[in-house]
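Next come the chains, spelled out residue by residue.
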Amino acid sequence: MLTANEIRDSFKSFFESKGHQIVPSAPMVIKDDPTLMFTNAGMNQFKDIILGNQPIKYARVADSQKCLRVSGKHNDLEEVGHDTYHHTMFEMLGNWSFGDYFKEEAICWAWEYLVDVLKLNPENLYATVFEGSPEEGLSRDDEAASFWEKFLPKDHIINGNKKDNFWEMGDTGPCGPCSEIHIDLRTAEEKAKVPGNQMVNKDHPQVIEIWNLVFMQYNRKADGSLEGLPAKVIDTGMGFERLCMALQGKTSNYDTDVFQPMIKAIAAMAGVNYGDDKQKDIAMRVIADHIRTIAFSITDGQLPSNAKAGYVIRRILRRAVRYGYTFLGQKQAFMYKLLPTLIENMGGAYPELNAQKELISKVMKEEEDSFLRTLETGIRLLDKTMSEAKAQGKSEISGKDTFTLYDTFGFPLDLTELILRENGMTADIKGFEAEMQQQKQRARNAAAVETGDWITLNEGTTEFVGYDYTEYETSILRYRQVKQKNQTLYQIVLDKTPFYAEMGGQVGDSGVLENANEKIVVVDTKRENNLPVHIVNELPENPAATFVAKINKEIDDVMQRIQNNGERIEQE
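Just so it is clear, the structure is predicted and the values come from calculations on it, not from any experiment.

How each quantity is defined
All residue numbers refer to positions counted from 1 along the written sequence of the respective chain. With pLDDT at 70 or above as the cut-off, local features in this predicted model cover only qualifying residues; side-chain atom pairs require 80 or more to be listed or tallied, and sums for whole chains, interfaces and linings still use all residues. Values shown for side chains rest on all heavy atoms present in the structure; no hydrogens or waters enter the calculation. Here an axis means a line fitted to C-alpha atoms, over the contact stretch when the element is a helix, while the angle between two N-to-C directions is reported on a 0 to 180 degree scale. Helical segments are the DSSP runs of H or I of at least four residues, strand segments are the runs of E of at least two, and each set is numbered from the N terminus. Put simply, angles under 35 degrees are roughly parallel, angles over 145 are roughly antiparallel, angles from 65 to 115 are roughly perpendicular, and the rest are oblique. Crossing handedness: left-handed means the near helix sits turned counterclockwise from the far one by under a right angle, and right-handed means the same turn made clockwise. Any two residues whose heavy atoms approach within 4.5 Å at even a single point are treated as in contact. Throughout, the ten residues Ala, Val, Leu, Ile, Met, Phe, Trp, Tyr, Cys and Pro are labelled nonpolar, Asp, Glu, Lys and Arg are labelled charged, and all others, Gly among them, are labelled polar. Residues belong to one nonpolar core when they are buried, are Ala, Val, Leu, Ile, Met, Phe, Trp, Tyr or Cys, and are joined through side-chain atoms within 4.5 Å. Type-normalised accessible area, obtained with a 1.4 Å probe on protein chains alone, sets the label of each residue: buried when under 20%, exposed when over 50%, and partly exposed for intermediate values. One requirement defines pairing of two strands: DSSP has to find at least two bridges between them. Any N or O atom pair separated by 3.5 Å or less is treated as a polar contact, with the protein-specific requirement of one donor-capable and one acceptor-capable atom, and with residues adjacent in sequence counted only for side-chain atom pairs.

(A) Quick peek at the packing of helix H8 (residues 260–270) against helix H9 (residues 278–299). Two numbers describe how H8 lies on H9: the axes approach to 9 Å, and their chain directions differ by 125°. Taken as axis vectors, H8 and H9 run oblique relative to one another. The chirality of how H8 crosses H9 is right-handed. Residue-level contacts link Met-262, Ile-263, Ile-266 and Ala-267 of H8 to Met-284, Arg-285, Ile-287, Ala-288 and Ile-291 of H9. Taken together, the residues of the contact of H8 with H9 break down into eight nonpolar, no polar and one charged.

In structure tokens form, the structure reads like this:
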């Protein structure tokens, strides 16, 4: 029986023998594409080549690409660990042709690899072809069907609709029909009851798609019409974990050696046996899946955070921590201890894991420790809330209670929903959203700034003298009162100032304004209308009559002395 690593290597070796350049996997985290946070298909790194924005370096390419599907159109998170074949992170084996070979070679090589090299039973294989779309003037893909007829009986070649068998990059751009390869892994008894061709694309866990061959031959224009591509493209993607399941005679991806070393390590850590308890088994599968996602994401430069891609990774990590906490008794950080098992299993194919192991371990442990403090309190409060709701004959907890868990105790909404589902309950999401809007409004009100009118004492503009002086005699041109978050501040504009105003990433200066009688602290200097504005905590009740007058009087005295005895002052 081939191991997972041997299967991966055999794919690359096969297509290398067919003249393909073997390229490394692109990062799973995407930093330079505003349309995607994560690589969700093998073709992502070749998108600019397919669109004609980059020159073709190699006409034939093959690789094993690490992918992540947990948001947007492709979101399998809720199924992960509960079924046998959905994952967050997965590997996609793929081969591409950019204007070189097309349908015949792609189909013949797919068959050769699956049947001649890997020795899969051809009787268990089915192929789908695009059935056509009369409204778009597209006929059935008889060309692909004719090539499949060289290998498969006609009842193993199935028509597929536009949703399943016509691939499009987006609303515009390259597109074309595709041909999926499905495998029937059911028992002989099950096959005798219902033929495999009736189970294709029916979401049966043992009748699954393993490889999709996309034939990009059209360009979708902005008006919706199609035109032929000058350079046709082959883009294929095969689910590595599903292929391993088929080759290793398993009925679940998690029973293959892709996941079993990790599941065994988790079981040993928790002191349990995989297969003895349904909930514990789900927890071990979730953790085995999620740790791959977290480790590879950190390796590729995405740390857990509260925004965008970082939040997705934090959410996945916290989901795994919660399963370990609730079902496996892991009250301390534990996932970072599993990293050596992951590196031993996948480090050969992806050496970046070993290169970044210290960073991955540190980040995972810090995130686990932080969330465990929140988790214990949140679960206790949620248990209490559920008990109170059940006592009242309710199966739903209120939006207010859900929001309190989220806002006051930092308990994620998706985790609340998950725990509620496990207990046959739901949350009032509309009520939660209403509470969220009220909180946002409170925050906006708290952040609202109330500004008074400027009171002008002298006309003029500010001259900055800070390049030559740190102290300077000056007078106030104007001031106003500002109220924010129940705090009263004053903004003051001077005619000359050594204080540098915040700009270009530099922090505004602080200091003091003083005369013979008072000292007022300048807490910051901002820039407004390109003028330095000094912010002070307090002023006398009538700054125009007291503070300002005193400063101006001192300046007037100095000016008089200069007029009366200019030479002596200059010498001093």
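(B) Quick look at the nonpolar core. In terms of nonpolar packing, the biggest core is built from 110 residues, with Tyr-113, Leu-114, Trp-148, Trp-211 and Leu-243 touching the most fellow members. If we skip the residues at most four places from it in the chain, Leu-114 touches Lys-119, Leu-120, Ile-181, Ile-210, Trp-211, Met-238 and Leu-243. Of all hydrophobic cores here, the second largest spans 14 residues; its members include Ile-49, Ile-50, Val-61 and Trp-96.

(C) View of the pairing of strand S6 (residues 125–130). Counting buried positions over the six residues of S6 gives six, a clear majority of the element. The pairing of S6 with strand S9 (residues 173–184) spans three bridges and is classified as antiparallel. Pairing of Tyr-126 across the sheet is with His-182, part of S9. One ladder, built from four bridges, connects S6 with strand S7 (residues 157–160); its direction is parallel.

(D) Quick peek at the environment of Asn-121. Turning to its location among the elements, Asn-121 is positioned in the loop between helix H3 (103–117) and S6. Asn-121 gets classed as partly exposed once you look at its relative accessible area, which sits at 35%. Among the polar contacts made by the side chain of Asn-121, one reaches the main-chain amide nitrogen of Glu-123 at a distance of 3.0 Å.

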